Amino acid sequence: MPRQCGEEFNADVPIGAARTPAASWYIDERYHELDLEKVLHANWQVVAHLQQVDQVGAYMAGCTAGQPWVVLRDAHGELKAFANVCRHNGTPVAEGHGVIDKLVCRYHGWSYDLGGRLLKAPRIAGVKDFNRDDFALAPLPVMVIGPLVLIMLNGKAGRFDADEVEQSLKGQNWDQLILRHHRRYELACNWKVFVDNYLDGGYHVPTLHEDLASDLNFGSYRTTTFARSSLQTVASADSSGERLAGDALYVWIYPNIMINRYGPMMDINLVTPLSPSRCLVTFDWYFEVECSDEFVEQSLVASDQVQQEDIEVCEAVQRGMGSLHF
């Protein structure tokens, strides 16, 4: 139910009497800053797939919720993560992805080994009390769940609390799929609007996604919630259909990880805030090795249709959040 004007939010209210959060949570700059500090920076974020960092020197660099990062395999083959910020003036020490033997700032040439230690600082000789060991890259906690590499942006390690859904995915052989495509969508809505839309999938799919709904048996739709994750399952209406054969699993892991496993494929969606009213959604699609290029392309087209339908309604919801009458 919608929250009434002036009503305090209470997380302990039984679900049958619960109200939605206030519109200010989705449009106010103060809540945006809290989202970054208390939610996105303080919880595990997916940044790579294991196949992207599968050899010594292989790295991936990016920026999540305003925080630059780089993950790599060091000289000993160990997975490491660092803040992608030169200790001299903040310039990135890696960009994009590839294979390297050291990290180098393109501004002044400061270089670091694959363990983050400062190797070279040009023309710094003679600076009083300068100690290379004091200028190593800031390390970030890194962990692997299935085929995914995750980091903690604020540098403070915490527990990954989604064991139940991880076990469900493990039974679906999600770690044996191959990454085939990556795409980014920028939406004119708060990031939580996109998450809300994902979590009520069983409610809106029949009306918003008619083509997708025709392939699903909604009498089988089930949602199971856990402390910091949820699992939605639904059976295909036609078991002979290749793309949606068998049961589909829709997994959400707090706060912004969405994993969809169905047929011979899987897509992973990550949503991060850009501002109170804009967000970035990244999609990675994975397929079984035997899937043809034609099947991959057809699947991407079908997936994009669903995403475009979600974009339209999410942006409409965001406009409604600013209404004087919501």
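Our structure's up above, just so we're on the same page.
Treat the numbers as computed from the prediction; the structure is a model and nothing was measured.

Novice: Help me out: how do you make sense of the layout of surface pockets in this one?
Specialist: Remark: the empty space left among the atoms is shown by a probe the size of a water molecule rolled over them. Looking at the largest pocket, its volume works out to about 1700 Å³. Arg19, Thr20, Pro21, Tyr26 and Asp196 are the residues nearest the centre of the largest pocket, which is lined by 40 residues in total. Among the secondary structure elements, those contributing two or more residues to the lining of the largest pocket are α1 (24-27), α2 (29-40), α4 (191-199), α5 (201-208) and α7 (293-321). Residue contributions to the lining of the largest pocket peak at seven residues, all from α4.

Novice: I keep staring at the side chain of Asn256 and nothing clicks. Help me out?
Specialist: Residue placement: Asn256 occurs in the loop between β14 (247-253) and β15 (257-262). Note on Asn256: relative accessible area 1%, which makes it buried. Polar side-chain contacts of Asn256 include one of 2.8 Å to the side chain of Gln45. Beyond its immediate chain neighbours, meaning those up to four positions away, Asn256 contacts Leu40, Gln45, Trp191, Asn269, Leu270, Val271 and Thr272.

Novice: Could you clarify how one ought to interpret the sheet that holds strand β1 (residues 45-49) in this entry?
Specialist: Sheets are built from strands paired through backbone hydrogen bonds, the pairs being either parallel or antiparallel. Here three strands make up an open sheet; going across it, the order is β1-β10-β9 and the pairing antiparallel. Of all strands in the sheet, those with a lone pairing partner are β1 and β9 (142-145), marking the two edges. Across the sheet, the axes of successive neighbouring strands diverge by a mean angle of 35 degrees, strand direction being ignored. In this structure, β1 lies alongside strand β10 (residues 148-151), joined through four bridges in antiparallel fashion.

Novice: Help me understand unusual backbone geometry, please; the structure alone is not making it clear to me.
Specialist: Negative phi values dominate among residues other than glycine, just as trans dominates among peptide bonds. Omega for the bond connecting Tyr254 with Pro255 falls within 30 degrees of zero, at 0 degrees, which places this linkage in the cis form. Relative to the helices and strands, Pro255 resides in the loop between β14 and β15. Of note in this structure, Ala65 is not a glycine but carries a positive phi near 50 degrees. The exposure class of Ala65 is buried, given its relative accessible area of 7%. A positive phi angle is found at Asn173, which is not glycine, with a value near 55 degrees. Judged by relative accessible area, which is 39%, Asn173 ranks as partly exposed.

Novice: What should I look at first to understand the sheet that holds strand β8 (residues 118-120) in this one?
Specialist: Read from one edge of the open sheet, three strands run β6-β7-β8, paired in antiparallel fashion. Sheet topology places β6 (103-104) and β8 at the edges, where each strand pairs with a single neighbour. Across two bridges, β6 lies against strand β7 (residues 111-112) in antiparallel orientation. Residue pairing in the sheet places Leu103 in a bridge with Tyr112 of β7.

Novice: What exactly am I supposed to notice about the pairing of strand β4 (residues 79-83) here?
Specialist: Regular strands place their side chains on alternate faces of the sheet. Of all five residues in β4, four are buried; the element is thus mostly enclosed. Of the pairings in the sheet, the one linking strand β3 (residues 67-73) to β4 comprises five bridges and is antiparallel in character. Within β4, the residue paired with Leu72 across the bridge is Lys80. The turn joining β3 and β4, which pair antiparallel and follow one another in sequence, is formed by five residues; a positive phi near 80 degrees is taken by Gly77.

Calculation rules
Residues numbered from 1 in each chain as written. Predicted model: local features only at pLDDT ≥ 70, side-chain atom pairs only at ≥ 80, totals over all residues. Heavy atoms only, no water. 1 Å grid on protein atoms, 1.4 Å probe; cavity = no way out; pocket = protein on both sides within 12 Å on 5 of 7 lines; lining within 4 Å. Points joined across faces, edges and corners; volume = space filled by probe spheres on them. Helix = DSSP H or I, 4+ residues; strand = E, 2+ residues; numbered from the N terminus. Buried < 20%, exposed > 50% of the residue type's maximum accessible area, 1.4 Å probe, protein only. Polar contact = N/O pair within 3.5 Å; in protein donor to acceptor, adjacent residues only side chain to side chain. Contact = heavy atoms within 4.5 Å. Pairing = 2+ DSSP bridges. Axes fitted to C-alpha atoms, helices over the stretch in contact; angles between N-to-C directions.

In short, geometric facts, not functional conclusions.
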